[in-house]
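Notes for the structure review
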Amino acid sequence: MRIPPSDSVPISNRVRRILDSSVLRRLACISQLGMVNLVYPGAMHSRFEHTLGVYLNALRFLDRFTRDPQVGPWLDQAHCDAFLLAALLHDAGHWPYCHPIEDMQLADLPSHEQRLTEVITDPELAAAIDQDWQCTPELMLALLGVGPQRDMNTPAVTFLASCLSGPVDIDKLDYLQRDSLHCGVEYGRNFDSQRLISALTVDPSTQRLAVDAKGQTAAEMMVFSRYIMFNEVYWHHTVRAATAMLQRSIFLLQHRLDLPSTLKLADAAWIALLRRTGEGSLAEPMIEGLFGTRRVLYKPAAEFSVLSGRPLHERLTRRPYWWLVALAETLTQTVSRRFGIAVSPVDILIDAPPTKLEVDINVAIRKFDGACQPLEDVSPVAATLARQQFDDIVKKVRLFVRPGLREHLKQQISTDQDWGQILNEAIEVMEEQWV
C-alpha cells in the first residue's frame, strides 16, 4: 500500500486481515489531528494512515535489531509478532477527539489505551490473531503498557516497549513527519530519520532503546522538531481555542450525552450526535462554531507562560478540568460585576496544560566507549528543553473570549497584566469558596 509522502508499505495476507477488520477500518474515518484542520486545512489524514506509517517503522526497527548481537537473541517469533501487532493496533482504542476529552478526566470514561483490552476481544480481530499470529494478545498488550503484565518483565518486553513508547519511538517517528507533511509545514521533518534509525542501539543498563553517539545530532533535531510542532501546530493558539470550545461543550453536555456509548463511532456520526445533543443548550453556539456551516471561534484575550506570567501559569497548570470551569464561571461573574457588562458563563474559556505530562524527551546516548548518558548531559540544546519541563515551555495558559465580547472588553481590559489581575481576584474568590 502506498502512503504519503512516497512510502510503500508491504502487506502480507495476515496483515491484510487485520487492516480489513472493522476495528481498523473505523480508524480510516477518524481524524489524526482533530481540531488542527481548522488552522491547517490539509491536516485531514486519518489514524489509519498513521497506523500504516507506524507499522512500516516497526518493520524498519525489526530489520535493524534482528541482526543486532545483543538484541537479536531476544527477538523470537512471538516477540516480533507481538511488536508488529502492537504497531498495527496501538491506536485501535481511539475515538473521535479522544485526546482533548481524555484530558478532562471525566468519570467512567476509559483512556484509549485501556480500551484496547476491550477492542482485541472483537470476534473478527481475535480470530485473526489466533489464526495468523504466533503470540498472545497479553504479550502484545504488555508491549503497549496495558493489561495484565505479570511474568512479562523480560529484556525483550522492556526493549520493545521502549520502541513503542519512549523519547524516540516508532509512533513519534511517524506522526512528527506525517503531521508536518499534511499541515504543509517543515517543522516536523527537520531531522534525519534514516540516520536516526541506523544509529539506534540498546542501553545495557536499562535494556531500553538508546541512540549511538553517531546519531546524537539526529536525536537533537528530533527533540527540537517535536518542540516546534507542539508550539506551532498542536498548541497553536487557534487550535487551542477550538479545543477549549469542544471541551467546554462536552463538559456542559456530559449528563445528556452518553459518552461511553460513543466510543465506537467514527467522526461524522459522533459530530452529528454532538450537534443534536447540543441543540438549545449553552453549548450549541460553540458546537456550531466548530462543526456548523460557518467557522466561528473564540479569540485569545490573554496568555501566560513560564517565560512571561510564570506565577499565573504555575497557579493554573495541571488543575482538574472541573476546577478550571468553575474558575472561568467565577471570572465571568467578576468581569460582569466590575464593568457592568452582561457576560454569559460560557463567554470566557480557560485553557491550561492538563494533568497528564508528555513522555520524557531525554533519550540515552551511547558513547563510543559503550557507556550511556542522558541526551541532556551531552547536548546543550536538549538540556534547555529537558531541565525546564517540556510541557511548561510549549503549553501555555490562555484565556479565550467569545468574538463579539472580546472587542467590547478590549476597551476595559487591554493587556495580559490587566487580565492577570482580574484572574488572580477570581482565583482568590474560588479558594475562599472551597476552603
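Now for a look at the structure at hand.

Cut-offs used in this document
- Residues numbered from 1 in each chain as written.
- Predicted model: local features only at pLDDT ≥ 70, side-chain atom pairs only at ≥ 80, totals over all residues.
- Heavy atoms only, no water.
- Helix = DSSP H or I, 4+ residues; strand = E, 2+ residues; numbered from the N terminus.
- Buried < 20%, exposed > 50% of the residue type's maximum accessible area, 1.4 Å probe, protein only.
- Lys, Arg positive; Asp, Glu negative; His and termini not counted.
- Salt bridge = Lys/Arg side-chain N within 4 Å of Asp/Glu carboxyl O.
- Contact = heavy atoms within 4.5 Å.
- Pairing = 2+ DSSP bridges.
- Axes fitted to C-alpha atoms, helices over the stretch in contact; angles between N-to-C directions.
- Expected span 1.5 Å × (residues − 1).

**Topic: the side chain of D267**
Within the fold, D267 resides in helix 14 (residues 267-278). Nearest to the buried, unbridged D267 among oppositely charged side chains is R26, at 7.4 Å. Sequence-distant contacts of D267, that is, excluding residues within four places in its chain, are made with C29, I30, S31 and P96.

**Concerning the sheet that holds strand 4 (residues 208-212)**
Read from one edge to the other, the open sheet built from four strands follows the order 3-4-7-8, with strand pairing classed as mixed. The sheet is open, and its two borders are formed by strand 3 (200-203) and strand 8 (372-374), each paired with just one other strand. With strand direction ignored, the average angle separating the axes of adjacent strands in the sheet is 45 degrees. Seen against the sheet, helix 3 (residues 47-65) touches strand 3 and strand 4 and runs at an angle of roughly 70 degrees to strand 3. Strand contacts of helix 9 (residues 155-164): strand 3 and strand 4, with the helix running at about 65 degrees to strand 4, the strand carrying the most contacts.

**Some details on helix 17 (residues 321-339)**
The periodicity of an α-helix, 3.6 residues per turn, causes residues three or four places apart in sequence to face the same way. Here helix 17 spans 27 Å end to end across 19 residues, near enough to the 27 Å set by a 1.5 Å rise per residue. Within the span of helix 17, buried status applies to Y321, W323, L324, V325, A326, L327, A328, T330, L331, T332, T334 and V335. Two residues or fewer after helix 17 comes G340, characterised by a positive phi angle close to 65 degrees.

**Side note on the pattern of salt bridges**
Where side chains of opposite charge bring their charged atoms close, a pairing between them can arise. On inspection of all chains with the given rule, the structure shows 19 salt bridges. Linking R47 and D91 is a salt bridge whose minimum nitrogen-to-oxygen distance equals 3.0 Å. With a gap of 44 residues between them, R47 in helix 3 and D91 in the loop between helix 4 (77-89) and helix 5 (98-103) connect regions that are remote in the sequence. Assessed through its relative accessible area of 7%, R47 is described here as buried. By relative accessible area, which is 5% here, D91 ends up buried. Among the salt bridges present, the one from D347 reaches R402, with a minimum N-O distance of 2.8 Å. In this pair, D347 is assigned in the loop between helix 17 and strand 6 (348-351) and R402 in the loop between strand 9 (397-401) and helix 21 (403-409), connecting sequence segments 55 residues apart. Here the salt bridges do not stand alone but share partners, grouping E49, D174 and R178 into one network.

**Regarding the sheet that holds strand 5 (residues 299-304)**
The strand order 5-9-6 describes an open sheet built from three strands, whose pairing is antiparallel. In this open sheet, the two edge strands, each paired with only one partner strand, are strand 5 and strand 6. Strand-to-strand twist in this sheet, taken as the mean axis angle between neighbours without regard to direction, amounts to 20 degrees. Both strand 6 and strand 9 contribute to a ladder of four bridges, which runs antiparallel. Note on strand 9: the bridge partner recorded for I350 is L399.

Everything listed is a geometric property; what it means functionally is a separate question.
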